[in-house]
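Chain and residue survey
Chain by chain, the residues:
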Amino acid sequence: AQSVWGYDSDNGPDRWHENYPMAKGDKQSPIEINSKDVRHDTSLAPWHASYDPGAAKTILNNGRTCRVVFDDTFDRSVLRGGPLVGAYRLRQLHLHWGSSDDHGSEHIIDGVKYAAELHMVHWNPKHGNFAGALKQPDGVAVVGIFLKVGKTPKPEMKRILEEIDNIKTKGKEAPFQHFDPSILFPKSRDYWTYHGSFTTPPCEECITWILLREPIEVSSDQMAKLRSLSKNGENEPVNPLVDNWRPPQPVKGRIVRASFK
Ligand code: SG7
Ligand code: ZN
């Protein structure tokens, strides 16, 4: 078995199950969504995020993604409604992206791969702490936002992108304060929802996915900036951090519901 999981041929998604058997479970993520198989559910409520800009703490490169961490010691930045019961606390956001603009997202929509996918990870405080929530089917809620490359840069991505040079290599961390991540949401609140897993080992099946229908538009230059991150540590040979996405997993009879028609 591989010593550390990653996205390369020797330690990538096809081999994760050797060390993390849950990766072959029945409710794995991501999945491919086909609009013709989706069930419009009129009982699905709108979702609401109420985020405190003061909860943002740091931004870091862990060699597998770039992540912004939030204070989740109390109900400070929360997500409610949609398919969820109760308030879920924002813990972190991170992204998955490709080596070029034509792929990089984890979920695939009607055959479309977006350039990147942003994940806002929230947990259900009724389970006590994040580790406890990971063991429960209603433990975690992730909002997924697709990034589509177009002509216009997304100004709201600037704060994150201007920190890239400060967290270039694996293990680097920088302060990241006064940031309201709801500025990254698209206009439409329409979403798909289904029950699945984390897209990285150990791939626990504890996630209510809320995938936003409308992508946000970023420029090709903004994507290139993200790709300038490195997998390697500071004094190691340069190894670009790209293609940190897991391919779609078997749906196994799960139903994807849509909040819209
Ligand atoms: C990224 O995605 C990281 C992970 C995250 C994982 O690799 O942001 O976070 C940490 C703390 O390393 O795993 C437990 C967790 O949040 C999977 O998250 S995802 O399913 O939303 N892609
Ligand atoms: Zn993710």
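Residues numbered from 1 in each chain as written. Chains lettered and ligands numbered in written order. Predicted model: local features only at pLDDT ≥ 70, side-chain atom pairs only at ≥ 80, totals over all residues. Heavy atoms only, no water.

1. Examining the nonpolar core
Formed by 44 residues in total, the largest nonpolar core has its most connected members in L93, W97, M120 and I160. Sort the elements by how many residues they give to this core and strand β7 (residues 88-97) lands first, with five residues. When residues no more than four places from it in sequence are discounted, the contact partners of L93 are C66, R67, V68, F70, L118, H119, M120, I160, F179, P181 and L184. If you look at the next biggest cluster of nonpolar residues, it comprises 23 residues, including Y114, W123, V140 and Y194. (Core = buried A, V, L, I, M, F, W, Y, C linked by side-chain atoms within 4.5 Å. Buried < 20%, exposed > 50% of the residue type's maximum accessible area, 1.4 Å probe, protein only. Helix = DSSP H or I, 4+ residues; strand = E, 2+ residues; numbered from the N terminus. Contact = heavy atoms within 4.5 Å.)

2. Here we look at the pairing of strand β10 (residues 140-150)
Within β10, eight of the 11 residues are buried, leaving the element largely enclosed by the surrounding structure. Note that strand β9 (residues 116-123) and β10 share eight bridges and pair antiparallel. Residue L118 lies in a different strand from β10, and its bridge partner there is I145. (Pairing = 2+ DSSP bridges.)

3. As for the site of ligand 1
Residues in close proximity to ligand 1 total 14 residues, the closest being R67, Q92, H94, T199 and T200. Separating an oxygen atom of ligand 1 from a side-chain N or O atom of Q92 is a distance of 3.0 Å. Contacts to ligand 1 include H96, whose side-chain N or O atom sits 3.1 Å from a nitrogen atom. Relative to its unbound accessible surface of 500 Å², ligand 1 loses 83% to contact with the protein. The cavity that encloses ligand 1 is the largest pocket. Those elements that place two or more of their residues in the shell around ligand 1 are β7 and β9. (Near = heavy atom within 4 Å. Polar contact = N/O pair within 3.5 Å; in protein donor to acceptor, adjacent residues only side chain to side chain. Areas by Shrake-Rupley, 256 points an atom, 1.4 Å probe, with all protein chains shown as cover. 1 Å grid on protein atoms, 1.4 Å probe; cavity = no way out; pocket = protein on both sides within 12 Å on 5 of 7 lines; lining within 4 Å. Sits in = over half its atoms within 2 Å of the grid points.)

4. Quick notes on the coordination of the zinc ion (ligand 2)
Looking at the zinc ion (ligand 2), one finds its protein donor set to be H94 (NE2), H96 (NE2) and H119 (ND1), positioned 1.9 to 2.0 Å from the metal centre. Considering all four donor atoms around the zinc ion (ligand 2), the spread of angles at the metal, 100 to 113°, places the coordination shape in the tetrahedral class. Written as a sequence motif, the donor residues of the zinc ion (ligand 2) are H-x1-H-x22-H. Of the two residues, H96 is situated in strand β7 and H119 in strand β9; the sequence distance between them amounts to 23 residues. The exposure classification of H96 matches that of H119, with both residues buried. (Donors = N, O, S within 2.8 Å, 3.2 Å for Na, K, Ca; no water. Tetrahedral: all angles 85-135°; square planar, octahedral: opposite > 155°, others 65-115°.)

5. Let's talk about the pairing of β7
Of all the 10 residues making up β7, nine are buried; the element is thus mostly covered by neighbouring parts of the structure. When strand β6 (residues 78-81) meets β7, the two strands line up antiparallel, connected through two bridges. Looking across to β7, one finds that L79 is bridged to Y88. Counting the residues in the hairpin turn of β6 and β7 gives six residues, including G82, whose phi is positive at 60°.

6. A closer look at the side chain of H122
You can see H122 is positioned in strand β9. A polar contact of 2.7 Å, which involves the side chain of H122, links it to the side chain of Y51. In terms of polar contacts, H122 uses its side chain to reach the backbone carbonyl oxygen of M120, at 3.0 Å. Excluding residues that lie within four positions of it along the chain, H122 makes contacts with Y51, L79, Y88, R89, L90, R91, G139, V140, A141 and V143.

By themselves these figures say nothing about function.
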